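Geometric and topological summary
The residues making up each chain are set out below.
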Amino acid sequence: MTDIKAEMDVLPGMDPRAHLLHVDELHVEFRTRDGVAKAVNGVNMWLRPGETLAVLGESGSGKSVTAQAIMGILDTPPAHVTGGRVLYRGVDLLKLSEADRRKVRANRIAMIFQDALSALNPVFTVGFQLAEMFRMHRGMSRRDAKARAIELLDQVRIPGARDRIHDYPHQFSGGMRQRVMIAMALALDPEILIADEPTTALDVTVQAQIMKLLAELQQQRNMGLILITHDMGVVADVADRISVMYAGRVVEEAPVHDIYSRPAHPYTKALLESIPRLDRKGRQLNVIPGLPPPLTDLPSGCSFHPRCAYAREICSRDEPPAYQIAPQRIASCHFVREVLGV
Amino acid sequence: MSDVVLEVRDLVKHFPSRSGAVHAVDGVNLELRRGETLGIVGESGCGKSTLAKMLVGLERPTAGTVSVRGQEISRLRGGALRRSRRNIQMVLQDPYTSLNPRMTVGDIIGEPFAIHRDATPTYGRHRAVQELLEVVGLSPDHINRYPHQFSGGQRQRIGIARALALRPEIIVCDEPVSALDVSVQAQVINLLDGLKQRYGISLIFIAHDMSVVRHISDRVAVMYLGKIVETGSDVAIYDQPTHPYTQALLSAVPVADPRLRDRRGQITLEGDVPSPADPPSGCRFRTRCWKAQPACAEHEPLLEIRQRSAHPVACHFAEVAQAL
């Protein structure tokens, strides 16, 4: 098993000292009948082993598209990566052949999705789908693969794993199905796991189970985790660092404690004030006026300016640069000092 | 505040199925007072949506009664049922499927007037609809647009305008914001809250999001497998919950404050909700409860005020948890 991983280490140009993952000025657009939708507009992010990076954003912010570009599973057409690099240990994944890319996928970088029912194949048993990975990627015998499948289901704490490998996805509950998908993602020991809204479709008590499981597995394996979500509560519970996305850009990046106590971007600040919180009951919630802009027609300058309380003339004219406001803290706003209150 | 506008007594809904009846709602009692917001929380499958449908007469109860202002509506049929609905309207979860894509916004919001002709204001339907659009924060000029020309949050506003059209005393909202983005959720929550103040409407607010429910509700009822397990003021439920399920539910809600990360005592429930087709005997929560004793399987705990709980709770061992 390890020899196959070793064989893959000869990916040309791989440098074990380089960042585990570094997304550099990524641009993705969708060419549709209604025009070009600029979904990702110069995204930068990086990830260390064992770290949890939360990518926070609303629908249409480009968070899932970024993840799909990292995984190399964008539908092309209509999606086109028009610029930037995705560096895994120094190797630009965007330049790899499809065959090499496939070796990276699941082996190095794996992904889990919101809707496990549509991510799993309904006509094969869960055991078959798990074992298939070991047979294809590791060349294992059916028997060994089956044994590994049971082991994995045990690890994600599915009761009665030995019997349940014969079940089909629809025979599992929502939470159990999510565990199956996690098992499948972790089967080949990836170094990076991307979780795209993994608990959004689940009830809170089940969400708590799944997040706990993910945290444990991550720690055991020293895996880098990119958690894509819109839930500021979940982020506060598990993330080390946060990248806040709006209209295809990272508008703020910061360690988790800083962002909640002192947000540096007006969007982050407004978002934090607009969510009802269990521990606080206010009469009126702060509202962000208007709607996120259509990606086919982004506002000039800063994309957030039409909804921003701090906006002035310069905001509609010049796109704000990414200001480094502290070590590990970046915010793209002309009035970052004002937002921080310094 | 004491006049009751909606009263539900021993409400039961069983759906027949091959593997025996599905006990979706199994003996629910509640009352709603004038101008009050009652939040109903629970996880998927607890019966909260079935309850909502019975309240507005979209689903006929297997047993029990729903009374609006003393008039029992659960057995009404035909014209009488239609007339009774004037007083109790509904806002649905999915603003994409709950509006007819082939009708203009004007027709959608004006449809209640077409059904209840005598309720149409004297100045005409057109103006009434424009007024409603304005009340919910949409431009009256958009009256001829179609639903697809609006965003999710705006569509939810259209749904709210439709529910408001007949000036009902009660509006039942079934997960009205869960399909919306966070920044838009706040807009709709504030709108509902404002309308309630302005028109003195009573709201039933059904949701799975505990934080949203706390924000808007005066009283809260927690449902589990077709039954209300605990009910009380928002302070009672959120600050002094005495039912183990409520305690677990609250502790599972992530709070947007990383400083609380390791200080919150989290109770992680094991397993899933049992099937409503075959609910556990006695207390329905006992299969996942850390306090369960043999007695819980035999005696069903009633929803009542207990020695260690100042508000009604359905648990033999109810008490305020030490630290939460």
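Reading the values: the criteria
- Residues numbered from 1 in each chain as written.
- Chains lettered and ligands numbered in written order.
- Predicted model: local features only at pLDDT ≥ 70, side-chain atom pairs only at ≥ 80, totals over all residues.
- Helix = DSSP H or I, 4+ residues; strand = E, 2+ residues; numbered from the N terminus.
- Rg over C-alpha atoms; globule rule 2.2 N^0.38 Å.
- Contact = placed C-beta atoms within 7 Å.
- Domains from an automatic or database assignment.
- Pairing = 2+ DSSP bridges.
- Axes fitted to C-alpha atoms, helices over the stretch in contact; angles between N-to-C directions.
- Core = buried A, V, L, I, M, F, W, Y, C linked by C-beta atoms within 7 Å.
- Buried ≥ 20, exposed ≤ 12 C-beta atoms within 10 Å, placed from the backbone.
- Nonpolar A, V, L, I, M, F, W, Y, C, P; charged D, E, K, R; others polar.
- Parallel < 35°, antiparallel > 145°, perpendicular 65-115°, else oblique.
- Left-handed = near helix turned anticlockwise from the far one by under 90°.
- Expected span 1.5 Å × (residues − 1).

**Re the overall build of chain B**
Within chain B, the secondary structure is distributed over ten helices and twelve strands. Since a compact globule built from 324 residues should have a radius of gyration of about 20 Å, the 21 Å found for chain B is in line with a globular shape. Along the first, second and third principal axes, the C-alpha set of chain B runs to 65 × 50 × 40 Å.

**Let's talk about the overall build of chain A**
Assigned secondary structure in chain A consists of 14 helices and twelve strands. Considering only intrachain contacts with a sequence separation of at least 6, the fraction spanning at least 24 residues in chain A is 65%.

**Description of the domain arrangement of chain A**
Residue and element names in this part refer to chain A. Domain annotation for chain A reports domain 1 (9-108 + 190-276 + 287-340) and domain 2 (115-189). Placing the centre of domain 1 and that of domain 2 at their C-alpha centroids yields a distance of 29 Å. Each partner contributes residues to the interface: domain 1 has 14 residues there, and domain 2 has 14 residues. With seven residues, the single largest contributor to the side of domain 1 that touches domain 2 is helix H9 (residues 204-221).

**Details of the sheet that holds strand E10 (residues 249-255) of chain A**
Residue and element names in this part refer to chain A. With mixed pairing, the eight strands of this open sheet are ordered in space as E6-E7-E8-E3-E9-E10-E12-E11. Looking at which strands have only one partner, the edges of the open sheet turn out to be strand E6 (109-112) and strand E11 (323-326). Each neighbouring strand pair of the sheet contributes to a mean axis angle of 20°, computed without reference to strand direction. Pairing geometry for strand E9 (residues 241-246) and E10, over six bridges, is antiparallel. Note that in E10 the partner of valine 244 across the bridge is glutamate 252. Where helix H2 (residues 63-71) meets the sheet, it contacts strand E3 (52-56), E6, strand E7 (192-196), strand E8 (224-229) and E9, and its direction lies at approximately 145° from that of E7.

**Quick word on the nonpolar core**
Formed by 197 residues in total, the largest nonpolar core has its most connected members in Ala183, Ile194 and Ile226 of chain A together with Ile170, Val172, Ile204 and Val222 of chain B. The element that contributes the greatest number of residues to this core is helix H8 (residues 174-186) of chain A, accounting for eight residues. Two domains each donate at least three residues to this core, and these are domain 1 (9-108 + 190-276 + 287-340) and domain 2 (115-189) of chain A. Not counting residues up to four positions away in its chain, the partners in contact with isoleucine 226 of chain A are Leu47, Leu53, Val55, Ala67, Ile192 and Ile194 of chain A.

**A short note on the interface of chain A and chain B**
The interface is formed by 36 residues belonging to chain A together with 31 residues belonging to chain B. Looking at the side of chain A that touches chain B, the elements with two or more residues in it are H9, helix H10 (232-238), helix H11 (256-261) and helix H12 (266-274) of chain A. With six residues, the top contributor of residues to the side of chain A that touches chain B is H9 of chain A. Across the side of chain A that touches chain B, the residue classes tally to 16 nonpolar, twelve polar and eight charged.

**Re the packing of helix H3 (residues 105-115) of chain B against helix H5 (residues 152-164) of chain B**
Residue and element names in this part refer to chain B. Two numbers describe how H3 lies on H5: the axes approach to 7 Å, and their chain directions differ by 30°. The angle between H3 and H5 places the two elements in the roughly parallel class. Seen along the crossing, H3 lies across H5 with a hand that is right-handed. Packed against H3, whose contacting residues are Val105, Ile108, Ile109 and Pro112, the element H5 presents Ile158, Ala161 and Arg162 at the interface. Its residues placed into classes, the contact of H3 with H5 shows six nonpolar, no polar and one charged.

**Some details on H12 of chain A**
Of all nine residues in H12 of chain A, seven are buried; the element is thus mostly enclosed. Buried residues of H12 of chain A: Pro266, Tyr267, Thr268, Lys269, Ala270, Leu271 and Ser274 of chain A, and no others. Contact partners of the buried residues in H12 of chain A: H10, E9, E10, H11 and helix H14 (336-340) of chain A together with helix H6 (182-199) of chain B.

**Comments concerning the pairing of E9 of chain A**
Residue and element names in this part refer to chain A. In terms of burial, E9 is a largely internal element, six of the six residues being buried. A two-sided burial pattern is seen for E9, the buried positions comprising Arg241, Ser243 and Met245 on one face and Ile242, Val244 and Tyr246 on the other. Sheet analysis places E3 next to E9, joined by four bridges and oriented parallel. Paired with valine 55 across the two strands is serine 243, which belongs to E9. Connecting E9 to the antiparallel partner E10 that follows it, the hairpin turn spans two residues, and alanine 247 within it adopts a positive phi of roughly 50°.

**Comments concerning the sheet that holds strand E5 (residues 91-92) of chain A**
Residue and element names in this part refer to chain A. Strand order in the open sheet formed by four strands is E2-E1-E4-E5, and the pairing between neighbours is antiparallel. Strand pairing shows two members of the sheet lacking a second neighbour, strand E2 (35-47) and E5, which therefore form its edges. Its contacts with the sheet place H2 against strand E1 (21-32), E2 and strand E4 (79-88), and it is angled at close to 110° to E1.

**Here's the deal with helix H5 (residues 126-138) of chain A**
Residue and element names in this part refer to chain A. Helix length check: H5 (13 residues) gives 18 Å between terminal C-alpha atoms against 18 Å at 1.5 Å per residue, within 8%. Looking at H5, one finds that the buried residues are Val126, Gly127, Gln129, Leu130, Ala131, Met133 and Phe134. Buried-residue contacts for H5 involve helix H6 (142-155), helix H7 (161-164) and H8. At the C-terminal side of H5, glycine 139 shows a positive phi close to 60°.

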